[in-house]
Amino acid sequence: MIPQQWSSPCGNQCTHKYAALMQIPWRVFCKKGCDSDGETWEECLEECNEMCYKDPVLKDQQWSAYIDRSPGAASYSEECFHACVAGCGYKFEIPKDKVGQVHPNRPPPEKKLPPPARTVGPRPEPPSEPDDIPSSSA
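Attention here is on the structure that accompanies the text. (Residues numbered from 1 in each chain as written. Predicted model: local features only at pLDDT ≥ 70, side-chain atom pairs only at ≥ 80, totals over all residues. Heavy atoms only, no water.)

Before going further, it helps to examine the layout of surface pockets. Empty space within the second largest pocket amounts to approximately 170 Å³. Considering the residues around the second largest pocket, the lining is formed by K17, Y18, H82, A86, G89, Y90, I94, K96, V99 and G100. Elements represented by at least two residues in the lining of the second largest pocket include exactly α4 (74–92) and α5 (96–100). When residues of the lining of the second largest pocket are assigned to their parent elements, the largest contribution, 4 residues, is made by α4. (1 Å grid on protein atoms, 1.4 Å probe; cavity = no way out; pocket = protein on both sides within 12 Å on 5 of 7 lines; lining within 4 Å. Points joined across faces, edges and corners; volume = space filled by probe spheres on them. Helix = DSSP H or I, 4+ residues; strand = E, 2+ residues; numbered from the N terminus.)

Written out as structure tokens, the structure reads:
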């Protein structure tokens with residue numbers, strides 16, 4: 001058996017797409033898309049959403065999202081999602097242009113407003129020295 005036959009054709013496409021050393025994490029998520037349990041394109045996309053975005057682990061306990069095993073940072077979650085969707089696309093033979101149009105079903109991240117600018121007022125004048133204190137030391 002030659003190395004190309006060790007994994008599925010879907011997995012081979014993920015390996016080819018994410019071949020660079022710095023892309024290994026995304027290759028893993030692409031292959032998770034290939035190996036998803038979803039039997040339809042839509043089910044596979046839902047699995048990608050669940051896998052790549054932090055959700056509370058305990059019902060109604062938002063703090064428990066921190067123990068979810070998804071990538072974490074918003075940009076990493078988005079990269080994870082797109083890699084996973086690529087795997088789903090390979091699995092279900094979806095055209096690349098349709099795969100590229102898929103977006104996560106999450107609200108866009110909130111934009112943080114810059115802190116209000118501090119106004120710089122006039123500097124207070126230093127206190128004046130009384131005339132009865134000599135300015136030289138003893």
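In this section: the state of the cysteines. What is meant by a disulfide is a covalent connection between two cysteines, made through their sulfur atoms. Within the structure shown, the criterion is met by 5 disulfides. What pairs with C48 in a disulfide is C84, and their sulfur atoms sit 2.0 Å apart. On the sign convention where negative means left-handed, the S-S torsion of about -75° between C48 and C84 marks this disulfide as left-handed. Of this pair, C48 sits in helix α3 (residues 41–52) while C84 sits in helix α4; the two residues are 36 residues apart in sequence, bridging distant segments of the chain. With respect to class, C48 is no different from C84; both count as buried. (Disulfide = S-S within 2.5 Å. Buried < 20%, exposed > 50% of the residue type's maximum accessible area, 1.4 Å probe, protein only.)

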